[in-house]
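Letter by letter, the chains look like this.
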Amino acid sequence: MLNFPRWAVAGILLPLLIGIFCAVPSFLPDSVVGHFPKFMQTRVNLGLDLSGGSHLLLEASTQDVAKQRLANMEEQVRTELRRGDTKIAIGDISSRDGKLSFMVRNPSEVDAAVERIRPLTQGAGLTGQRDFNVEVVNSSTITITPTQAGIDNAVKSAMEVATEVIRKRIDEMGTREPTIQQQGGNRIVVQVPGLQNPKALKDLLGQTAKLEFKLVDVNANPAEVAQGRAPVGSEVLPYPGNPAGPPVIAVYRQVMVSGEDLTDAQQGYDQRGNTPIVNIRFNGAGGRKFGQVTSQNVNRPFAIILDGKVLSAPNINEPILGGSAQISGNFTVESANQLAIALRSGKLPVALTVVEERTVGPQLGADSIKAGLTASIIAVVAVAAFMFVSYGRFGMYANLAVAINVLVILGVMGILGATLTLPGIAGFVLTIGTAVDANVLIYERIREERRRGRNVVQSIEHGYKEASRTIFEANVTHAIAGGIMLALGSGPVKGFAIVLLIGIATSVFTAVTFTRWLVSLWVRAKRPTEIHI
Amino acid sequence: MKLLKLVPDNTNIGFVKLRHWAFALTALLTVLAVGATFYKGLNMGVDFVGGLMIEAKFQQPPHLEKVRGVVDRLGVGDGSLQQFGDPKTVQIRLPLPEQGGAGAANAIVEKARKAMTAEFPGVTFSRYDTVSGKVSGELIQNGVLAVMLAVVGIAIFSWFRYEWQFGISTFVAIMHDVLMTLGFFAITQLEFDLNIVAAVLTIVGYSINDKMVIDDRIRENMRKYRKMDMKALIDLSVNETLPRTVMTSVTVLLALGALLLLGGHVLRGFTAAMMLGIVVGTYSSVYVSSSLLITLGLSPMGSEKRASKPNIAAQAERMGPRDDGARP
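Remember, predicted model here, so these are calculated numbers, not experimental data. In this convention, every chain numbers its residues from 1, walking through the sequence in written order. The lettering of chains begins at A and the numbering of ligands begins at 1, in the order of writing. In keeping with the predicted nature of the model, local features appear solely for residues at pLDDT of at least 70, side-chain atom pairs appear and are counted solely at 80 or more, and the whole-chain, interface and lining totals rest on all residues.

A.B. asks: Now, about the overall build of chain A: what can you tell me, with residues and values included?
C.D. replies: Broken down by element type, chain A carries 15 helices and 19 strands. Its C-alpha atoms give chain A a radius of gyration of 34 Å, clearly above 24 Å, the size a compact globule of 533 residues would have. Our exposure labels follow a C-beta count within 10 Å of each residue's own C-beta, placed from the backbone: buried means 20 or more other C-beta atoms, exposed means 12 or fewer, and partly exposed covers the counts in between. Buried residues in chain A amount to 44% of all 533 residues. Distance between backbone-placed C-beta atoms decides contact: two residues are in contact if it is within 7 Å. Partitioning the contacts of chain A with sequence separation of at least 6, the portion at a separation of at least 24 is 68%. Where helices and strands are cited, they refer to DSSP runs of H or I of at least four residues and of E of at least two residues respectively, numbered from the N terminus. All radius of gyration figures rest on C-alpha atoms, and the globule criterion is 2.2 Å times the number of residues raised to 0.38.

A.B. asks: Tell me what's going on with the UniProt feature "transmembrane region" (unreviewed entry) in chain A, and back it up with residues and numbers.
C.D. replies: UniProt's entry tags residues 371-389, 396-416, 422-442, 471-490 and 496-519 of chain A with the feature "transmembrane region" (unreviewed entry), counted in the numbering of this structure. Counted over residues 496-519 of chain A, helix gives 100% and strand 0%. Its end C-alpha atoms are 32 Å apart. UniProt positions are given in the numbering used here, feature names are shortened, and annotations may be inferred rather than shown by experiment.

A.B. asks: Can you tell me about the domain arrangement of chain B, naming the residues and giving the values?
C.D. replies: Note that domain bounds follow an automatic or database assignment of domains. You can read the domains of chain B as domain 1 (16-43 + 136-309) and domain 2 (51-131). Placing the centre of domain 1 of chain B and that of domain 2 of chain B at their C-alpha centroids yields a distance of 39 Å.

A.B. asks: Pulling in residues and values, what's your account of the sheet that holds strand S2 (residues 53-60) of chain A?
C.D. replies: Strands pair, by our definition, only if DSSP identifies at least two bridges between them. Read across the open sheet, the eight strands follow the order S7(A)-S8(A)-S2(A)-S18(A)-S5(B)-S2(B)-S4(B)-S3(B); overall the sheet is antiparallel. Here the strands that pair on one side only, and so sit at the sheet edges, are strand S7 (179-183) of chain A together with strand S3 (80-83) of chain B. Neighbouring strand axes in the sheet, compared pairwise and without regard to direction, differ in orientation by 20° on average. Think of each axis as a best-fit line through the C-alpha atoms, taken over the contacting stretch in the case of a helix, with angles from 0 to 180 degrees between the N-to-C directions.

A.B. asks: Talk me through the UniProt feature "transmembrane region" (unreviewed entry) in chain B; I want residue IDs and the actual numbers.
C.D. replies: Residue and element names in this part refer to chain B. Mapped onto this numbering, the UniProt entry gives "transmembrane region" (unreviewed entry) at residues 21-39, 139-160, 167-188, 246-267 and 273-298. For residues 139-160, the end-to-end C-alpha separation is 31 Å, with 100% helix and 0% strand making up the annotated structure. Secondary structure across residues 167-188 divides into 100% helix and 0% strand, with the first and last C-alpha atoms of the span separated by 32 Å.

A.B. asks: Please give an account of the packing of helix H4 (residues 62-82) of chain A against helix H5 (residues 110-117) of chain A that cites residues and values.
C.D. replies: All names here are of chain A. Contact pair H4 / H5: the axes reach a minimum separation of 10 Å and the direction vectors enclose 120°. The orientation of H4 relative to H5 falls into the category oblique. Between H4 and H5 lies a crossing whose hand is right-handed. Residues Val77, Glu80 and Leu81 of H4 touch H5, and the partners they reach there are Ala113, Arg116 and Ile117. By the definition adopted for this analysis, an angle is roughly parallel if under 35 degrees, roughly antiparallel if over 145, roughly perpendicular if from 65 to 115, and oblique otherwise. Left-handed describes a crossing whose near helix is turned anticlockwise from the far helix through less than a right angle; right-handed describes the clockwise counterpart.

A.B. asks: Please set out the confidence of the model for chain B residue by residue, giving values where relevant.
C.D. replies: All names here are of chain B. The predictor attaches a confidence to each residue, and that confidence, scored 0 to 100, is pLDDT. Across chain B, the average pLDDT comes to 82, with 88% of residues at 70 or higher. Summarising per-element confidence for chain B, the mean pLDDT is lowest in helix H11 (residues 312-316) (44) and highest in helix H1 (residues 19-39) (91). Scoring the predicted complex yields pTM 0.76 and, for the interface, ipTM 0.80.

A.B. asks: Any chance you could break down the interface of chain A and chain B for me, citing the residues and the numbers?
C.D. replies: Taken together, the contact between chain A and chain B spans 68 residues of the former and 66 residues of the latter. When contributions to the side of chain A that touches chain B are tallied by element, the ones reaching two or more residues are helix H7 (198-206), strand S18 (352-360), helix H11 (362-391), helix H13 (422-451), helix H14 (456-488) and helix H15 (492-526) of chain A. For the side of chain A that touches chain B, the element with the highest residue contribution is H11 of chain A, accounting for 16 residues. By the convention adopted, Pro, Cys, Tyr, Trp, Phe, Met, Ile, Leu, Val and Ala count as nonpolar, Lys, Arg, Asp and Glu as charged, and the other residues, Gly among them, as polar. For the side of chain A that touches chain B, a count of residues per class yields 32 nonpolar, 21 polar and 15 charged. With five bridges connecting them, S18 of chain A and strand S5 (residues 124-131) of chain B associate as antiparallel partners. Looking across to S5 of chain B, one finds that Val360 of chain A is bridged to Arg127 of chain B.

A.B. asks: Could you give me a rundown of the UniProt feature "domain: Protein export membrane protein SecD/SecF C-terminal" (unreviewed entry) in chain B, with the residues and numbers involved?
C.D. replies: Mapped onto this numbering, the UniProt entry gives "domain: Protein export membrane protein SecD/SecF C-terminal" (unreviewed entry) at residues 121-297 of chain B. The span residues 121-297 of chain B is 82% helix and 6% strand, and its two end C-alpha atoms sit 69 Å from each other.

A.B. asks: Let's hear about the nonpolar core: which residues, and what values?
C.D. replies: By convention the nonpolar core is taken to be a set of buried residues drawn from Ala, Val, Leu, Ile, Met, Phe, Trp, Tyr and Cys and joined through C-beta atoms within 7 Å. Val429 of chain A together with Val204 and Ala255 of chain B are the most contacted members of the largest nonpolar core, which has 207 residues in total. The leading source of residues in this core is helix H7 (residues 194-224) of chain B, at 16 residues. Excluding residues within four positions of it along the chain, Val204 of chain B makes contact with Ala481 of chain A together with Val147, Ala150, Val151, Ile174, Asp177 and Val178 of chain B. Counting 12 residues, the second-largest nonpolar core is a separate cluster that includes Leu81, Leu100, Phe102 and Ala113 of chain A.

A.B. asks: Outline the domain arrangement of chain A, supporting the account with residue identities and numerical values.
C.D. replies: By domain assignment, chain A separates into domain 1 (6-51 + 361-526), domain 2 (62-152) and domain 3 (155-357). Relative placement of domain 1 of chain A and domain 2 of chain A: their C-alpha centres are 63 Å apart.

A.B. asks: Which residues make up unusual backbone geometry, and what values do they have?
C.D. replies: Of note, the phi angle at Asp307 of chain A is positive, near 50°, even though the residue is not glycine. Structurally, the position occupied by Asp307 of chain A is in the loop between strand S15 (302-306) and strand S16 (309-312). Its 16 C-beta neighbours within 10 Å are what place Asp307 of chain A among the partly exposed residues. With a phi close to 60°, Gln189 of chain B is a non-glycine residue in the positive phi region. Secondary-structure assignment places Gln189 of chain B in the loop between helix H6 (164-188) and strand S6 (191-192).

A.B. asks: Please provide a residue-by-residue account of helix H9 (residues 284-296) of chain A, values included.
C.D. replies: Residues and elements named next belong to chain A. Given a helix with a known number of residues, its expected span is that number minus one, times 1.5 Å. With 13 residues, H9 extends 19 Å between its outermost C-alpha atoms, agreeing within 8% with the 18 Å of an ideal straight helix rising 1.5 Å per residue. Of all the positions in H9, only Gly286, Gly287, Phe290 and Thr294 are classed as buried. With its buried residues spanning 100° around the axis, H9 presents them on a single face. Turned more than 90 degrees off the buried face of H9, the exposed positions are Gly284, Ala285 and Gln296. Read the arc as the range of directions from the helix axis to the C-beta atoms.

A.B. asks: Lay out the sheet that holds strand S17 (residues 324-327) of chain A in plain terms, naming residues and giving numbers.
C.D. replies: All names here are of chain A. Reading across the sheet, the three strands line up as S13-S14-S17 and stay open at both edges, with antiparallel pairing between neighbours. The outermost strands of the open sheet, each flanked by one partner alone, are strand S13 (262-269) and S17. The mean inter-strand angle of the sheet, taken between neighbouring strand axes irrespective of direction, is 25°. Here S13 runs beside strand S14 (residues 276-282); their pairing, made up of seven bridges, is antiparallel. Each residue of the ladder has a partner; that of Asp264, found in S14, is Arg281. Across the face of the sheet, helix H10 (residues 333-344) comes into contact with S13 and S14 while running at roughly 170° to S13.

A.B. asks: With reference to specific residues and values, describe the pairing of S17 of chain A.
C.D. replies: Residue and element names in this part refer to chain A. The side-chain alternation of S17 yields one buried face, formed by Ala325 and Ile327, and one unburied face, formed by Ser324 and Gln326. Inspection of the sheet shows S14 paired to S17 by four bridges, in the antiparallel sense. Bridge pairing in S17 links Asn279 to Gln326.

Written as structure tokens, this is what we have:
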């Protein structure tokens, strides 16, 4: 029991040294750690509550995705049935209760219509699973119902795209080390440390950035437009900054050019040099389309539409060739810059809303670190002093084990890239308190064995052996609680659980194995016949 | 050097004898705690009821009435104010608008910032949280689920590892600890948020740790002294482990005390909950779970019957070395 062969000593010291070594970068400034090779940059990340910053939970409406898909399907069906030599006339198109239904005017063409629609409803997957079910009801009405699998797939790919778009947008803002993760089916977590202005971030993520250019319908009756009615082929859109009266405007439904054809967008100023605008550049196809439309419609206004709202409706004074244009519309430098970023990173496939936000100012974060550090140091000193007056030399062994344990926990967190949060600091302090519990168990057991008349070596051996079993069982149950916190907890609970679990694992090693080795060194060197414990 | 011993050698307190009194007291306190939780309710933070929480730090300690006036004039619904230990820091809670999502919450924060700055120059918002009703509902669900799973999981573990009586007594004792903590929060009206769920889970973890140590000793003694009366045996086990129980509680309380006094206001509720939990957990180890074992009819004979079952090999590794008679 008290004999440690050389390999066992190596087995104890090596992991501890690695752990301590990995803890070192956490104490060094950025400038020093930056020169280390990648595998040695094992630092503990500070949570947002310590570093300051914003945590946002964004949610996409799955209903929106489904609705949009249905609208696309409607468009596809119209195009498909109008195509080619045998046009099939349809009517009564409606999309209600999440399904699309329409009537085929000539009942004898129903089968032909179904034949032509079917290829549109096939999923892209290898399994050939349908994205939509096509049914004929009442002999002349066809309904197209999205399948659950189809909706799930659409939501999944929309979320993937949305996550990428958000990543691009945040990177463009030049923020440091953002964390962007998908969570669950339709949520995205965004964490940006050290952010000074979360409002700008939210404004940026809040826009879908769907940009469209459409011609203004100048023939529409202004009185009807004001009441929200537009002629056939046109639609009424909100126009908050309309200089000519009501905040609405009628535009043709057809999209001239859309944001997908952009290659670049930059904030700039107009010719007079004082009004912020956004300069955009089209790709080849977009530039040609834009040139063509503007050539055909000189002296007519066109609308610049962002997320369904008209930003401005300038007149086409001359054909705009060459593939670049500018967007004006009551911008400040900041909002023009935001729009430029949003346009560069592409449009979000689905609108996102913030369902949870936590922002911590940098000052509070710094205060929390300071308070946490002070509390930890005082806790260590108090516990160490108490252990020393209770167990003397053995108390000091336990204290050494606790000190090493703290470093090893930091090292393991560094290796795992775990995040230290404020509750995590509480976890640390608690670990300091409970880590000595293992030693208390052992030492009390040794005291008991001595009282029962065993000699020194026997007492120590028995103490470690009997107590180890108890320690193991107690820690397993403790770990159950920690594991559940990690699995189910969110935010602060998780941060706490990580430290607790790592602490449980490392403290068993340091408090039992490591101190046993220290005790054995002392026993073999001094051969004590009496111990003071 | 004379070493400190909080519990003198050969302490022999008749814990079991007092168990009826203890049960009565425990029952009374539990009823009080449950009653308080139901009638007074918990002061749920925005984590659990949704809403907007702003923590404002002022240059000088402000008049709360003045702050309340500013909040009322915002016209965004009923606000509530709360102050922490630091007189310069005030927490303002506001309901979230039903519609409008992030933009609306943003607007309220900005509005509040403007109004506050006009009245109190130099005020800063050191943090703010907005949680929508949907998310807060999920957070409650997850919190309750986590605590229940932890309690049940641990009870099942001790049932498999020991006798069924241990499973039940542990379960009852831990439920007692959880209810006491809830009662504490209901009575003090300290804010109950996500951090407190972590604290409750930690109390569960610590309390079970404590019970395992005593249970383990009871089992060991049951094998050692097969003829001993169960009451005497439990008294012996609790007394034998008492020095450790006290020592560990003291070290943990020392560490938490440092956190309570110096750890900053954000963690204060969390630490207070944990310190209470340590005390309650220690009490329930001695009085609820151990004494309950007698009521549940645990006897050394029962464990022997189990040991004679075919799975004796599985039991053997847990037996430990035989006592070699070193005991006088």
